[in-house]
Structures are given as structure tokens and as C-alpha cells.
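Topology and contacts: notes
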Amino acid sequence: MSIKKVLVIGAGQMGSGIAQVHAMAGIDVILHDIKEEFVQRGITTITKNLTRQVDKGKLTEKEKHLILKRIHPSTKLEQASEVDLVIEAAVENMEIKTKIFSELDEITSPTTILATNTSSLPITEIAAATNRPEKVIGMHFMNPVPVMKLVEVIRGLATTDEVFNTIEDLAKKVGKTPVEVNDFPGFVSNRILMPMINEAIFAVYEGVAEPKAIDEVMKLGMNHPMGPLTLADFIGLDTCLYIMETLHDGFGDDKYRPCPLLRKYVKAGWLGKKTGRGFYEYN
Ligand code: CAA
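Residues numbered from 1 in each chain as written. Predicted model: local features only at pLDDT ≥ 70, side-chain atom pairs only at ≥ 80, totals over all residues. Heavy atoms only, no water.

The name that an unreviewed UniProt entry assigns to the protein chain is 3-hydroxybutyryl-CoA dehydrogenase, with the source organism given as Halalkalibacter wakoensis JCM 9140. What UniProt states about the protein chain under its Pathway (unreviewed entry) heading is, verbatim, "Lipid metabolism; butanoate metabolism." (UniProt positions renumbered as here; feature names shortened; annotations may be inferred.)

Dropping the structure here:
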């Protein structure tokens, strides 16, 4: 099956990046969010990214214009009836995701594939909210989507080979490298990344070193492009906490216990870059 039109649900950091890479690959995109201002903010981010590419000579003004023309803003899900694929990139919350998927199941054509960009929640459980679990799949992009090469592709219990192959081909078409992983909490990426970030937060909590020193150690000592605390601020501390809780609940093992300092920051509204304060301050 060839994917010609995609609906992306959620115009935040991940959703806008997902919309951008699909439009850049020549695919028509509907970018949906619950409020018009959220969709506009997403389109502004995409426009800025493309303008930067034009300034660097990697894209022409005309190409930028054509890419932007392929992105159609939406605040009404009814338009979902026309698409070959939906990629859901709404907030990490099982209740919200299952509600969206059951609604999509009613509105979309029976042939439409329903993918979720969840970073840790079980695909099989999301699929169970629909009458087409065989057409539900995980398509987990990394942040920032236009830059990072990986897409984790996760089958639910019922996902067919045809759906899997379609998504694998699409990931390649949008310039990514798909890697198949199984449906376990956090998949591979966040099962390994988040405990490292959580451990870095424990190191702050226990006074092992200052955040800047911890980041320097990991950057200079391990060649990580960003230190774990800078990365946590970049991802969003609320998202980090949610993923740690999903790992903790899913495996029942104390090694995934979220650091109390992470909980405290989230309670304070210090969510990282997006709120101007996390382990660092941002203007
Ligand atoms: N959006 C779009 N493009 C961006 C960008 C953004 N937010 N940030 C940087 N870029 C682009 C730049 O324009 C530049 O592009 P060109 O090569 O075309 O010139 C390129 O990325 C490199 O940027 P910079 O030179 O400014 O900065 P850098 O070399 O420090 O790279 C970075 C920035 C790519 C973000 C790098 O710091 C990095 O790889 N950080 C780690 C990111 C990471 O680990 N992501 C995974 C997060 S976990 C996740 O996403 C899973 C989850 O479920 C939570």
C-alpha cells in the first residue's frame, strides 16, 4: 500500500516535525490539533526550520513554498476520512490516546492505517480501543524529528505484515531508518535512555555533582551530543516522568523508580526548555 495522504494529530514538537518530514518527502499532510493557535504554532516552527535550510542553501525558496503548501491545518477530525494513514502524536496519556483511536476508528476509511508516536505506551492496548487492531502500529520518531534518523517500528499483537511493511517503507521514504522492536514498555529507546536520565537526576539529588558537571562528564567522556540533564530539559521533564512511571508500572521493578527530584520539578511546573526552567534556565 502506498501512502499519499497523512493526518498528523498533535502539532507540538513531535507532531510538527513528523508533518515536516512527510511534506518534504512529497506527501500531503493534514496537521491537526485541538486549537487553531496550536496548529499555527506548529506551522511557524516548520516554516522557521525550512527558512534555516534555505539560508544554508540546502533548499530553494520555491521548494520551501511547495513543502508548506502540502501541509493543511485542521482542528476538525472529520477530514480524517480522506487519509491513508494517521500518525497520532498527542500527549502521552493512555486515556487520551484510546479516546482518539476509538474516534479515528469510526471516522476513517476501513483501509486507513492508524499509527501512534507513543514513546512508551503499549501498542496492543491502544489497538484494542479500535475494531481494526491489525491496522494499528507504533511509529516512534525521535526529537528533533527533522534531524534524528531513527524510527522505532512496533507491532501490536495483531498488526499484519502488510501494515508493518507499509510503515517500514514509509519511514525510509521520509529519510529515516526504521528499526523493528517489540511491544514492551519504553520499547528499546526509552527503556535505555530514560533510566540514564533518571540516574543523572539522582546524581543531582544526592549531591554527587552540579547539573553542568554531570552534563560535561557525559558529553566529554562519552561523546554524547547533549548531557543527560540538557536532554531531559529538551524532551520535557513531564514526559521524562511519565515514561519513568510507565517503565516502573510496566515492569514492577524498583530500578525504574522516578527520582523524587524529577517529581518535585514537574510539580513546580519546571518542565524544561518549554517552560523556561528545568535543570537550567532558558530565556
Ligand atoms: N529542529 C530542526 N532541526 C534542528 C533542530 C530542531 N529542533 N535542532 C537542530 N537542528 C538542525 C540544525 O539546523 C542543523 O542542521 P544542518 O546540519 O542542516 O545545518 C543540525 O540540526 C545540527 O544542529 P546544530 O549544529 O545547531 O547543533 P548540534 O550539532 O548541537 O545538534 C542536536 C543539535 C541534533 C539536537 C544534537 O544536540 C543531538 O543530537 N542531541 C541529542 C538528541 C537526542 O538524543 N534526541 C533523542 C531524544 S529522546 C526521544 O526523542 C525519544 C522520546 O520518546 C523521548
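What follows continues from the structure just given.
Turning our attention to the overall build of the protein chain. Of regular secondary structure, the protein chain possesses eleven helices and eight strands. Rg of the C-alpha trace for the protein chain: 19 Å, near the compact-globule value of 19 Å for 283 residues, within the 12% margin. Taken along the three principal axes of its C-alpha coordinates, the protein chain extends 55 × 45 × 30 Å. Looking at the protein chain residue by residue over its 283 residues, the buried ones come to 48%. When contacts within the protein chain are restricted to residue pairs at least 6 apart in sequence, those whose partners lie at least 24 apart make up 67%. Total accessible area on the protein chain stands at roughly 13800 Å², and carbon and sulfur atoms take up 54% of it. Side chains of the protein chain carry 33 positive and 37 negative charges; the gap between the two charge centres is 6 Å. (Helix = DSSP H or I, 4+ residues; strand = E, 2+ residues; numbered from the N terminus. Rg over C-alpha atoms; globule rule 2.2 N^0.38 Å. Buried < 20%, exposed > 50% of the residue type's maximum accessible area, 1.4 Å probe, protein only. Contact = heavy atoms within 4.5 Å. Areas by Shrake-Rupley, 256 points an atom, 1.4 Å probe, with all protein chains shown as cover. Lys, Arg positive; Asp, Glu negative; His and termini not counted. Charge placed at Lys NZ, Arg CZ, Asp CG, Glu CD.)

Now for the domain arrangement of the protein chain. For the protein chain, the assigned domains are domain 1 (5-182) and domain 2 (190-274). Just the C-alpha atoms count here: the centres of domain 1 and domain 2 sit 26 Å apart. Every contact between the two is made by ten residues of domain 1 and, on the other side, six residues of domain 2. Between domain 1 and domain 2, roughly 680 Å² of surface is buried when both sides are summed, and carbon and sulfur atoms account for 54% of that area. The tally of links between domain 1 and domain 2 comes to zero salt bridges. (Domains from an automatic or database assignment. Buried area = accessible area lost by both parts, 1.4 Å probe. Salt bridge = Lys/Arg side-chain N within 4 Å of Asp/Glu carboxyl O.)

The next subject is the nonpolar core. With 37 residues, the main nonpolar core has Leu-31, Leu-85, Ile-87, Ile-137, Met-139 and Phe-141 as its most contacted residues. Beyond its immediate chain neighbours, meaning those up to four positions away, Leu-31 contacts Val-8, Gly-10, Ala-11, Gly-15, Ala-19, Val-39, Ile-43, Ile-46, Ile-71, His-72, Pro-73 and Ser-74. Of all hydrophobic cores here, the second largest spans 25 residues; its members include Ala-200, Leu-229, Phe-234 and Leu-247. (Core = buried A, V, L, I, M, F, W, Y, C linked by side-chain atoms within 4.5 Å.)

Looking now at the pairing of strand β7 (residues 150-155). As paired elements, strand β6 (residues 136-141) and β7 share five bridges and run antiparallel to each other. The residue of β7 that forms the bridge with Met-139 is Val-153. Sheet analysis places β7 next to strand β8 (residues 177-181), joined by five bridges and oriented parallel. Looking across to β8, one finds that Val-151 is bridged to Pro-178. With helix α6 (residues 161-173) bridging β7 and the parallel β8, this β-α-β connection has right-handed handedness. (Pairing = 2+ DSSP bridges. Right-handed = clockwise from strand over helix to strand, strands pointing away.)

Here we take up the UniProt feature "site: Important for catalytic activity" (unreviewed entry) in the protein chain. Mapped onto the present numbering, the UniProt feature "site: Important for catalytic activity" (unreviewed entry) falls at His-140. Structurally, His-140 is set in strand β6.

Within the structure shown, the criterion is met by twelve salt bridges. The partner of Lys-97 in a salt bridge is Glu-88, and the shortest N-O contact between them spans 2.6 Å. Classification of Lys-97 as buried rests on a relative accessible area of 0%. Using a relative accessible area of 0% as the deciding quantity, one classes Glu-88 as buried.

All right, on to the packing of aromatic side chains then. The tally for this structure, following the rule as stated, stands at four aromatic pairs. Ring geometry for Phe-202 against Tyr-205: centres 6.2 Å apart, planes inclined by 70°, an arrangement best described as edge-to-face. A residue pair is termed a helical-turn pair when its members lie 3 or 4 positions apart in one helix, as Phe-202 and Tyr-205 do in helix α7 (residues 189-205) at three residues. Taken together, the ring pairs in this structure connect Tyr-265, Trp-270 and Phe-279 into an aromatic cluster. Directly above the aromatic system of Phe-164 lies the positively charged group of Arg-155, at a separation of 4.2 Å from the ring centroid. The ring of Trp-270 carries the charged tip of Arg-277 above its face, separated from the ring centre by 3.9 Å. (Phe/Tyr/Trp six-rings, centres within 6.5 Å; stacked < 30°, edge-to-face > 60°. Lys NZ or Arg CZ within 6 Å of the ring centre and 35° of its normal.)

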